[in-house]
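Coordinate analysis (summary)
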Amino acid sequence: MAAARRPAAPARPPAPAAVLCGVGGWVPPREVTNAELSRRLDTSDEWIRSRTGIRERRMINPGEATSDLAVEAGRLALKSSGEADADAVVLATTTPDRPCPGTAPEVAHRLGLTGAAAFDVSAVCTGFLYALAAGQGLIAAGTARRVLVIAADAFTTIIDPADRGTAVIFADGAGAVVLRAGGPDEPGALGRVVLGSDGERAELIQVPAGGSRQRSTGRPAPARDHYFQMRGRETFRQAVGHMSAASRAAVADAGWRLADVDRVVAHQANARILAAVADELELAEDRLLSNIAHVGNTGGASIPLLLAQAQEGLPSVSGGRLAAGDRLLLTAFGAGLAWGATALLWPDLPG
Ligand code: COA
């Protein structure tokens, strides 16, 4: 008896590349200076500037939430892309509006994208790069043709206001990009996003309470356990090592040498970490773009916010304005531990 013929696998065209075609950033208007923090904490403008590079940061008002930041950044990114539509919204955040459900569906709805696929990504300060990889995957799989990738954090809502080690660093903001299906050789096409993690060191940076291990029971959690906690000095060393290694891998993957990189857009954790990464990679510090002096550490939002402000040519960005054709290296590190990097040719965007 002849064997039954199996149907052949359907012929599929090559997977499309994800091409960055829009960018937007948003910070809340309320500015908090080092002088203001020094009035209520045992710290000083001099300590904060010299140890972190931060002069001021932005903070949401009571009653505002992460989705408010995300919607503003998302709207600006869609506008920059020239189209108001997207069929997926990926939101990276550490400070969702509530533990359940995710914040992305509400953000999509408020942007007029009701019906789009929408979900949150939790990878703290590396959240934008993880979300970017997720968006790239949706496009490659054919699940979406246009993806709005947003990273938004309202870190001041989980910071212990009495902890001078974190309260002077972390701040609120949002950034977003639009990805569209396109070809791998177009400017803005994403290459591989290099990603990694080390959960053995999860306790270096954490919010211990409020999840399934240390549950919200209605009784108060042990003091400070609902706040964000960080062992700064050990984290510092990990940050430099992992961002440098991921950067090397991303640049090699793009077929570049480190010397080819025009601009480094690194997670704005601390100006000294940025300098140490540049030193480790033997890149001149003038290739680093930075806005940490004026916005602080905005968590996952920091890379897309910096991209948006550098695209706009804001004077608060050191290192200059982004230009079409710039070879960009993006890299981030944060809680998890988690890290990542990717390289791309900056596209010609309006504005
Ligand atoms: N003002 C004044 N003194 C402060 C202070 C502040 N805001 N914060 C900490 N200090 C003190 C500490 O209490 C300590 O005092 P001691 O020596 O008497 O114990 C001293 O300054 C040094 O503390 P240390 O934590 O070693 O300082 P540091 O130079 O490492 O800087 C950070 C602290 C948090 C700025 C730095 O470690 C850092 O940026 N870490 C990594 C952040 C990061 O990458 N996070 C992950 C991604 S978001």
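Just so you know, the residues in each chain are numbered from 1, in the order the chain's sequence is written. Two thresholds apply to this predicted model, a pLDDT of at least 70 for residue-level local features and 80 or more for giving and counting side-chain atom pairs, whereas whole-chain, interface and lining totals are computed over all residues. Note that the side-chain values use all heavy atoms of the structure and ignore hydrogens as well as water.

**Concerning the site of the ligand**
Only heavy atoms are used to decide nearness, and a residue is near a molecule or strand if one of them lies within 4 Å of it. Lining the immediate surroundings of the ligand are 26 residues, of which Thr-43, Arg-51, Arg-164, Arg-233 and Asn-270 lie closest. A distance of 2.7 Å is found between an oxygen atom of the ligand and a side-chain nitrogen or oxygen belonging to Arg-51. One of the side-chain nitrogen or oxygen atoms of Arg-233 is found 2.6 Å away from an oxygen atom of the ligand. The Shrake-Rupley method, run with a 1.4 Å probe sphere, supplies the accessible areas, and residue values consider only the shown protein chains as cover. Protein coverage of the free-state accessible area of the ligand, which is 960 Å², stands at 75%. Definitions used throughout: a 1 Å grid over protein atoms alone; a cavity as a set of points that fits a 1.4 Å probe which cannot get out; a pocket as an open set with protein on both sides within 12 Å along at least five of seven lines; a lining residue as one with an atom within 4 Å of a point. Placement in a cavity or pocket follows one criterion, namely that more than half of the molecule's atoms lie within 2 Å of its grid points. In this structure, the ligand is accommodated by the second largest pocket. Mapped by element, the contributors of at least two residues to the shell around the ligand are helix H2 (45-52), helix H6 (164-167), helix H7 (232-253), helix H8 (271-280) and strand S12 (327-334). Here a polar contact means two N or O atoms within 3.5 Å. Within protein one must be a hydrogen donor candidate and the other an acceptor candidate, and residues neighboring in sequence count only if both atoms are side-chain atoms. Helix numbers and strand numbers start at the N terminus; a helix is a DSSP run of H or I with at least 4 residues, a strand a run of E with at least 2.

**Describing the pairing of strand S6 (residues 146-154)**
Burial classes follow relative accessibility: with a 1.4 Å probe on protein chains only, a residue under 20% of its type's maximum area counts as buried, one over 50% as exposed, and anything between as partly exposed. For S6, a buried count of nine out of nine residues is recorded, marking the element as mostly surrounded by other parts of the structure. The alternating pattern of S6 places Arg-146, Leu-148, Ile-150, Ala-152 and Ala-154 on one face and Val-147, Val-149, Ala-151 and Asp-153 on the opposite face, and all of these are buried. Note: strand S4 (residues 88-92) against S6, five bridges, orientation parallel. Looking at the pairing, Ala-92 lines up with Ala-151 of S6. Note on pairing: DSSP must find at least two bridges between two strands before they are called paired.

**Observations concerning the domain arrangement of the chain**
Domain start and end points were adopted from an automatic or database domain assignment. Taken domain by domain, the chain holds domain 1 (17-182) and domain 2 (194-345). For domain 1 and domain 2, the distance between their C-alpha centroids amounts to 14 Å. With 43 residues of domain 1 at the contact, the number on the domain 2 side is 42 residues. When two components associate, each loses some accessible surface as probed by a 1.4 Å sphere; the sum of these losses over both components is called the buried area. Across the interface of domain 1 and domain 2, roughly 3200 Å² is buried in total on both sides, 67% from carbon and sulfur atoms. Salt bridge, as used here, is a side-chain nitrogen of Lys or Arg placed within 4 Å of a carboxyl oxygen of Asp or Glu. At the surface where domain 1 touches domain 2, the tally comes to two salt bridges. Notably, a salt bridge pairs Arg-224 with Asp-160, separated by 2.9 Å at the nearest N-O pair. Taken together, domain 1 and domain 2 are joined by 14 residue pairs in polar contact (both at pLDDT 80 or more). Elements that contribute at least two residues to the side of domain 1 that touches domain 2 include exactly strand S1 (17-26), H2, strand S3 (56-58), helix H5 (127-140), S6, H6 and strand S7 (172-182). In what follows, a contact means two residues having at least one pair of non-hydrogen atoms within 4.5 Å.

**Some details on H8**
Regarding H8, the residues found buried are Ile-273, Leu-274, Val-277 and Ala-278. Angularly, the buried residues of H8 cover 135° about the axis, an arc narrow enough to put them on a single face. The distance from a side-chain oxygen at the start of H8 to the backbone nitrogen of Arg-272 is 2.7 Å, and the residue carrying that oxygen is Asn-270. Immediately downstream of H8, the backbone of Glu-282 shows phi near 55°, a positive value. Arc, as used here, means the arc of the directions from the helix axis to the C-beta atoms.

**Concerning the side chain of Asn-270**
Mapping Asn-270 onto the fold places it in the loop between strand S11 (263-266) and H8. The class of Asn-270 is buried, set by a relative accessible area of 8%. Beyond its immediate chain neighbours, meaning those up to four positions away, Asn-270 contacts Arg-51, Thr-52, Phe-236 and Ile-292.

**Describing the nonpolar core**
Formed by 45 residues in total, the largest nonpolar core has its most connected members in Phe-155, Phe-228, Val-264, Ile-273 and Leu-329. Only H7, S11, H8, S12 and strand S13 (338-345) provide two or more residues apiece to this core. Sort the elements by how many residues they give to this core and H7 lands first, with six residues. Residue contributions to this core reach at least three from each of two domains, namely domain 1 (17-182) and domain 2 (194-345). For Phe-228, the contacting residues outside a window of four places in its chain are Phe-155, Ile-158, Ile-159, Thr-166, Phe-170, Ile-205, Gln-206 and Val-207. Counting 39 residues, the second-largest nonpolar core is a separate cluster that includes Ala-18, Ala-92, Ala-123 and Ala-131. Nonpolar core, defined: a set of buried Ala, Val, Leu, Ile, Met, Phe, Trp, Tyr and Cys residues in which side-chain atoms within 4.5 Å join the residues together.

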